[in-house]
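# Architecture and fold: a report
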Amino acid sequence: MSLAGRWTKAADLQLGGGLLVLVLAIGLVGPVVWPLDPLAGHLADTFQPPLSAVKGVLHPLGTDQLGRDLLARIIEGVRISLSIVLVAGAISAIVGTATGVIAGYLGGWVDTVLMRLADIQLAIPFILLILLVVAVVGPSFTNLILVLGITGWAIYARVARARTLEVRELEYIEAARALALPTPRILAFHVLPNILVPQIVLLTLDLPRLIVLEASIGFLGLGIQPPTPTLGNLIGEGRSYILLADWLILYPGLVIAALVIAFNLIGDWLVKMTETRLD
Amino acid sequence: MGFGIFITKRLGQGVLVLLGVSAIVFFSLFLTGDPTTLMVSPDATAAEIQQFRHAMGFDDPLWLQYARFLWGLVQGDLGNSLRFHQPAMALVLARLPATAILASAALAWSTAAGFVFGVIGAVWRGSRIDLFVRLAALSGQAVPVFWLGLLLIIVFALRLRWLPTGGMGGIEHLILPAVALGAYYMSAVTRLVRASLIEALAQDYVRTARSKGLSEWRVVMRHALRNALIPVVTVQGMYFAALLGGALITEIIFAWPGIGRLAVQAIENRDFPLVQAVVLFVAFVFVVANLIVDVTYGLLNPRIQL
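None of the values given here were measured: they were computed from a predicted structure.

Parameters at a glance
Per chain, residues are indexed from 1 in the order of the written sequence. Following the order in which they are written, the chains are lettered starting with A and the ligands numbered starting with 1. Where local features are concerned, this predicted model is filtered to residues with pLDDT of at least 70; where side-chain atom pairs are given and counted, the filter is 80 or more; whole-chain, interface and lining totals use all residues. What counts as a helix is a DSSP run of H or I of at least four residues, what counts as a strand is a run of E of at least two, and both are numbered from the N terminus. Exposure classification rests on a simple neighbour count of other C-beta atoms within 10 Å of a residue's own: a residue reaching 20 or more is buried, one at 12 or fewer is exposed, and one in between is partly exposed. C-beta atoms are placed from the backbone. The contact rule is simple: place each C-beta atom from the backbone, and if two of them lie within 7 Å, those residues are in contact. In this classification, Asp, Glu, Lys and Arg are treated as charged, Ala, Val, Leu, Ile, Met, Phe, Trp, Tyr, Cys and Pro as nonpolar, and every other residue, Gly included, as polar. Here an angle of 0 to 180 degrees is reported between the N-to-C directions of two axes, which are lines fitted to C-alpha atoms, with helices fitted over the stretch in contact. For a crossing to be left-handed, the near helix must be turned anticlockwise from the far one by less than a right angle; the clockwise case is right-handed. By definition, a nonpolar core groups buried Ala, Val, Leu, Ile, Met, Phe, Trp, Tyr and Cys residues that are joined through C-beta atoms within 7 Å. pLDDT: the predictor's confidence for each residue, scored from 0 to 100. Expected helix span is given by 1.5 Å per residue-to-residue step, counting one fewer step than there are residues.

## A look at the overall build of chain B
From N to C terminus, chain B includes twelve helices and zero strands. In chain B, the order of α-helices and β-strands from amino to carboxyl end is α-α-α-α-α-α-α-α-α-α-α-α. With respect to the principal axes defined by its C-alpha atoms, chain B has extents near 85 × 60 × 30 Å. Put simply, chain B has 306 residues, and 39% of those count as buried.

Encoded structure:
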């Protein structure tokens, strides 16, 4: 059988899952097995190339302009960037799903208003708006999570609304209505569980967008401020030393690419497995 | 529903969207309370602050300020840039050609390449070349534009010295930024064309065309691809936003004197009237682009109920 023939759906999951486990391990176990301080360095050890050892201390990915260990900074960067992205993604999914369910179930003017708001949200070039808001409120950890989380609700709302419209007409919902159950209860216990799967699939496919967005903000120097590392601001800082030390750009970018590929593959696999339609 | 009514409805929606964007852009300045503190330098005296506040109209009621903002917007006047002391809209328009050149170059090569890859992947589905197409599409969507841009600079400008690292000039200045900007889009087009052509090739009318003894080339090009185009066109509008966002970062990396670079500089300088002008202008372009997509969509497939 040819190489491509063996490239099956399972391979999507294996490659994606493998990459994800790898990056998660870097973030979770990294600080334990690699205890170098991401914020401390010696000026005498600046710009050591990857695999160089200084006074018995190995720097597998080299050091930066302040002699800090790049691996330690990437580990810390993965932790910070992933925390921001995952919490922001959860906020988007929750806000968007709630909005979509309410719009789809209630219909009428509520539906019209909420969906027009979603149109507006989708019509704004996110990054500019986010940069504007972050510049106004300041680039703290919480602010970034809130801004990224709140601006991402619209696609969740659209998908949740479409599914709710289908579920709303089913007999068991009619039965719940006939029992005169309160609407919030119908939404939470009868509608929501039946639209949950597509929303989770959507979240998986939306995470790459958030990862790149967070990294872009960091790269532009408008996100979490140095010396605290994020995957984006590591590359942003490394850009100034592109002639001297291109490893400062190379390795953080590889981690971002691995994360994005991982979530895309797992998301594709989930779409096929759950036969989700996301139109 | 008639085509005219459809277009009118979409136009109305577009205006609504722009109104919403204008509100967000306007009120975001008030998130911290007083926009004056954002705009004056930290060492300004109390009298200077008061004078600035009055000059900008920040001491008026909020609704009056927003009404004034909207009235200016209708006339294409968004106030003066705090830094350049020129009309903000004029500054944005002056940078438009550079961004338009970059975006169209990226759009052109990536659409063309995406179509070729997508068709190849669909026709030889499951083959080795299809695997290559899928991997290329996957990695194109995985690398952030700023990282790809920097890698291109490292390899082609610094190591090989084939192309300049940045700036605007001859065609050689355009190659690297256009490649970096278009990569994501190329992947998206490849995936879409491949997926929708595979679906189209499985339809009955394709079997009919084949059974008539038409050449495979003709079956793919004339029958399947034409129908596979529809979903591709629909999402073009959505990816256009990503393209504009990417242009912003590409311009920073390659020192390309376009709107994106202007926007980031304006944000760094806390030049908020200029930032507002950029956001509104980009939203306007986006609304117009989506309108064009809707119209094309209707023309491509008259069967679709608008």
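Structure's up, so let's keep going.
## Section: the overall build of chain A
Secondary structure summary: chain A contains eleven helices and two strands in total. When the helices and strands of chain A are placed in sequence order, the string is α-α-β-β-α-α-α-α-α-α-α-α-α. Based on the C-alpha atoms only, the size of chain A along its principal axes is roughly 75 × 55 × 30 Å. Looking at chain A as a whole, 48% of its 279 residues qualify as buried. Pairs at least 24 residues apart make up 70% of the contacts formed inside chain A by residues separated by at least 6 positions.

## With respect to the interface of chain B and chain A
Taken together, the contact pairs 44 residues of chain B with 39 residues of chain A. Elements that contribute at least two residues to the side of chain B that touches chain A include exactly helix H1 (3–28), helix H6 (128–142), helix H7 (145–159), helix H10 (216–253), helix H11 (259–268) and helix H12 (272–300) of chain B. Residue classes in the side of chain B that touches chain A are distributed as 33 nonpolar, eight polar and three charged.

## Examining the environment of Glu166(A)
Residue and element names in this part refer to chain A. Looking at the element boundaries, Glu166 is found in helix H7 (residues 153–168). A count of 11 C-beta atoms within 10 Å places Glu166 in the exposed class. For the pair Glu166 and Gly104, spaced 62 residues apart in sequence, the C-alpha separation works out to 9.0 Å.

## Concerning the packing of helix H9 (residues 183–219) of chain A against helix H10 (residues 231–238) of chain A
Residue and element names in this part refer to chain A. Two numbers describe how H9 lies on H10: the axes approach to 6 Å, and their chain directions differ by 35 degrees. Like other packed secondary-structure pairs, H9 and H10 cross with a definite hand, here right-handed. Across the interface between the two elements, Glu214, Ala215, Ser216, Ile217, Gly218 and Phe219 from H9 touch Leu231, Gly232, Asn233, Ile235 and Gly236 from H10. Partitioning the contact of H9 with H10 into residue classes produces five nonpolar, five polar and one charged.

## Details of the nonpolar core
Formed by 160 residues in total, the largest nonpolar core has its most connected members in Leu128(A), Ile130(A), Ala263(B), Val278(B) and Val279(B). Not counting residues up to four positions away in its chain, the partners in contact with Leu128(A) are Leu248(B), Ala263(B), Val278(B), Val279(B) and Val282(B).

## Brief notes about the confidence of the model for chain A
Averaged over every residue, the pLDDT of chain A is 86; the share at 70 or more is 95%. In this model residues 1–5 of chain A is a low-confidence stretch, pLDDT under 50, and it forms ten contacts with partners more than four residues away in sequence or in other chains.

## Here we look at the confidence of the model for chain B
Mean pLDDT over chain B works out to 82, with 94% of the residues at or above the 70 mark. Here the predicted complex scores 0.86 on pTM and 0.83 on ipTM.

## Details of helix H3 (residues 70–106) of chain A
A rise of 1.5 Å per residue sets the reference length of H3(A), with its 37 residues, at 54 Å; its end C-alpha atoms lie 53 Å apart and thus fit the reference within 8%. In terms of burial, H3(A) is largely enclosed, as 27 of its 37 residues are buried.

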